[in-house]
Amino acid sequence: MTGLMASMEACIPALRRYARSLLHDRQDADDLVHDCLVRALDQIHTRREDGDLRAWLFAIMHNLFVSRTRRNKTAGRTVSLQEVGEDTLSIRASQDVHMQGRDLLRALDALSEEHRSVLLLVSVEDLSYAEVSQVLGVPIGTVMSRLSRARERLRLMLEGETTPALRRVK
Amino acid sequence: MTDPDLPITEDDLHAYVDGQLPPGRRPEIERYLAANPETGRRIAAYQDQRMALRAALAGVSEPLPPKLDLTQILQERRRPRAGMWRIAAGLVLALGIGGAGGWFLHGPATPNRTTLALSLLEQQALATHTVFAADRRHPIEVGAAEEAHLRQWLSNRLGRTVVPPDLTAAGYHLIGGRLLATEHGAAAALFMYDDAAGKRLSLLLRPMSTDLRVPLTDIGQGDMKGCIWIEKGMGYAAVAALPDTELDRIAGHIRAELGTG
């Protein structure tokens with residue numbers, strides 16, 4: 001396996017993690033990662049040699065996700081958090097942060113997809129703001145305003161008690 | 001970058017949380033946060049949030065399912081293509097076409113044609129290096145002592161000017177060269193070099209369609225490493241048992257010498 005292939009392989013866990021935050025079903029998320037890898041291998045010669053490989057892969061995956069969502073818009077249905085079983089939850093916390101993590105991840109799921117994407121790419125995947133702007137295909141100012149709103153909403157949800165996402169459905 | 005009078009914006013505060021501030025600006029932000037406790041608390045909450053998200057998500061790593069195994073994806077991609085070129089090569093032979101040089105597939109350069117060209121170049125380069133570089137006595141047909149003849153002969157057979165690049169500056173000396181055959185019966189050329197320690201480097205030149213253009217791409221198999229690229233109707237492959245960085249350096253010399261860099 002060449003150096004490039006090894007670098008690409010090293011990105012797969014991050015791609016899966018991000019895919020699961022976009023799609024709630026683990027199977028769907030892995031399908032998205034698979035399609036992303038196939039497309040990346042097809043387009044590997046078009047990649048700028050000095051560009052960051054991770055950002056490039058995230059961009060491919062994001063574009064696939066967007067075109068798929070657009071296609072499925074009519075057929076798709078929204079699954080509420082309460083319907084989702086614990087094992088299919090998009091993202092699962094590791095054991096030691098389970099209690100704190102659960103609230104956090106629920107709050108995260110309650111964010112809009114736009115806000116969640118920016119927050120995760122920046123906070124968890126460590127992409128630079130410029131890279132996030134490329135991945136999502138939006139101006140950097142939009143990245144910053146989404147980041148700002150995402151953080152503030154998450155903070156209010158975690159500090160407040162009666163946010164819609166955390167309210168119990170009777 | 002660190003003008004002390006620069007106003008502190010919301011973007012700066014996020015850059016502070018994410019460690020993306022320009023160098024030197026951090027102390028200013030810290031002073032500002034100390035002077036504005038309410039903002040300070042909000043930013044501290046963002047920092048906690050960032051750490052909590054990482055703790056909750058970054059640790060999750062499960063074994064990869066087979067469909068996400070890159071090696072397997074690569075094999076699945078190559079299998080049908082290998083079949084495709086066999087059919088195409090068969091047609092070329094049966095119809096007696098596909099003369100010297102040239103590429104048997106025409107039309108605009110699609111990703112698939114490029115991938116196919118790279119795959120053929122890679123396979124030929126690795127196989128050729130394996131067979132000829134290991135041959136201590138007869139790695140080449142015509143030696144560097146007859147370089148003028150070597151150039152003339154290979155240029156005639158490939159139907160274009162072929163010159164072995166001078167890699168003295170990179171520490172490699174030309175041993176000589178040989179003629180090679182491609183799958184579809186065209187001619188390709190191999191130049192063999194060695195360094196002071198006798199370590200061999202092979203350089204394959206294979207005529208390809210003029211519309212293909214591929215920047216430096218890594219290839220390799222075990223200890224054998226290589227770089228391939230396609231430019232101006234020629235596919236190049238440099239292969240040696242060397243670390244990637246060393247190969248990149250040599251590939252740089254080759255490209256500079258050939259004027260393809």
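Everything below is about the structure shown above.
Rules used throughout
- Residues numbered from 1 in each chain as written.
- Chains lettered and ligands numbered in written order.
- Predicted model: local features only at pLDDT ≥ 70, side-chain atom pairs only at ≥ 80, totals over all residues.
- Core = buried A, V, L, I, M, F, W, Y, C linked by C-beta atoms within 7 Å.
- Buried ≥ 20, exposed ≤ 12 C-beta atoms within 10 Å, placed from the backbone.
- Helix = DSSP H or I, 4+ residues; strand = E, 2+ residues; numbered from the N terminus.
- Contact = placed C-beta atoms within 7 Å.
- Pairing = 2+ DSSP bridges.
- Expected span 1.5 Å × (residues − 1).
- Arc of directions from axis to C-beta.
- Axes fitted to C-alpha atoms, helices over the stretch in contact; angles between N-to-C directions.
- Nonpolar A, V, L, I, M, F, W, Y, C, P; charged D, E, K, R; others polar.

Trainee: Help me get a handle on the nonpolar core, residues and values and all.
Mentor: With 49 residues, the main nonpolar core has Leu15, Ala19, Val33, Cys36, Leu57 and Met61 of chain A as its most contacted residues. Contributions of two or more residues to this core are made by helix 1 (3-22), helix 2 (26-43), helix 3 (53-72), helix 4 (98-110), helix 5 (113-123), helix 6 (129-136) and helix 7 (140-159) of chain A together with helix 3 (37-57) of chain B. Looking at this core, the element that brings in the most residues is helix 1 of chain A, giving eight residues. Not counting the four nearest positions on each side in its chain, Leu15 of chain A is found in contact with Val33, Cys36, Leu57 and Met61 of chain A. With 46 residues, the next largest nonpolar core counts Leu116, Leu154, Ala188 and Ala189 of chain B among its residues.

Trainee: How would you summarise the pairing of strand 7 (residues 234-240) of chain B if you had to cite specific residues and measurements?
Mentor: Residues and elements named next belong to chain B. Most of strand 7 sits inside the fold, with seven of its seven residues counted as buried. Alternating positions in strand 7 separate into two faces, Met234, Tyr236, Ala238 and Ala240 on one and Gly235, Ala237 and Val239 on the other, with burial throughout. One ladder, built from seven bridges, connects strand 4 (residues 200-207) with strand 7; its direction is antiparallel. Along strand 7, the bridge assignment pairs Leu204 with Ala237. Here seven bridges tie strand 6 (residues 224-231) to strand 7, and the two strands are oriented antiparallel to one another. Opposite Glu231, over in strand 7, you have Met234 as the bridge partner. Between strand 6 and the antiparallel strand that follows it, strand 7, lie two residues; Lys232 among them carries a positive phi value of about 50°.

Trainee: Before we move on, could you go through helix 7 (residues 244-258) of chain B and cite the residues and values that matter?
Mentor: Residues and elements named next belong to chain B. Between its first and last C-alpha atoms helix 7 spans 21 Å; for 15 residues at 1.5 Å apiece the expected length is 21 Å, and the two agree. If you check which residues of helix 7 are buried, you get Leu247, Ile250, Ala251 and Ile254. Angularly, the buried residues of helix 7 cover 105° about the axis, an arc narrow enough to put them on a single face. Check the buried side of helix 7 and you find it contacts strand 4, strand 5 (214-221), strand 6 and strand 7. In the segment just after helix 7, Gly259 is the residue with positive phi, at about 70°.

Trainee: With reference to specific residues and values, describe the pairing of strand 4 of chain B.
Mentor: Residue and element names in this part refer to chain B. Taking burial as the measure, the eight residues of strand 4 include eight buried ones, the bulk of the element. Residues Arg200, Ser202, Leu204 and Arg206 point to one face of strand 4 and Leu201, Leu203, Leu205 and Pro207 to the other, with burial holding for every one of them. In this structure, strand 3 (residues 187-194) lies alongside strand 4, joined through six bridges in antiparallel fashion. When the sheet's bridge partners are listed, Asp194 is paired in strand 4 with Arg200. Adjacent in sequence and paired antiparallel, strand 3 and strand 4 are bridged by five residues, among which Gly198 carries a positive phi angle near 85°.

Trainee: Account for the sheet that holds strand 6 of chain B, naming residues and giving values.
Mentor: Residues and elements named next belong to chain B. One open sheet holds the seven strands; their spatial order is 1-2-3-4-7-6-5, and the pairing between them is antiparallel. Bordering the open sheet on either side are strand 1 (142-143) and strand 5, each of which pairs with just one other strand. The pairing of strand 2 (residues 173-181) with strand 3 spans eight bridges and is classified as antiparallel. Pairing of Arg178 across the sheet is with Leu190, part of strand 3. Lying on the sheet, helix 6 (residues 147-158) is in contact with strand 1, strand 2, strand 3 and strand 4; it crosses strand 2 at an angle near 25°.

Trainee: Quick one: what's the story with the interface of chain B and chain A, residue by residue and with numbers?
Mentor: Opposite the 39 residues of chain B that make contact, chain A presents 40 residues. Broken down by secondary-structure element, the contributors of at least two residues to the side of chain B that touches chain A are helix 1 (10-18), helix 3, helix 4 (70-95), helix 5 (111-133) and strand 5 of chain B. Sort the elements by how many residues they give to the side of chain B that touches chain A and helix 3 of chain B lands first, with ten residues. Split into classes, the residues belonging to the side of chain B that touches chain A amount to 20 nonpolar, ten polar and nine charged.

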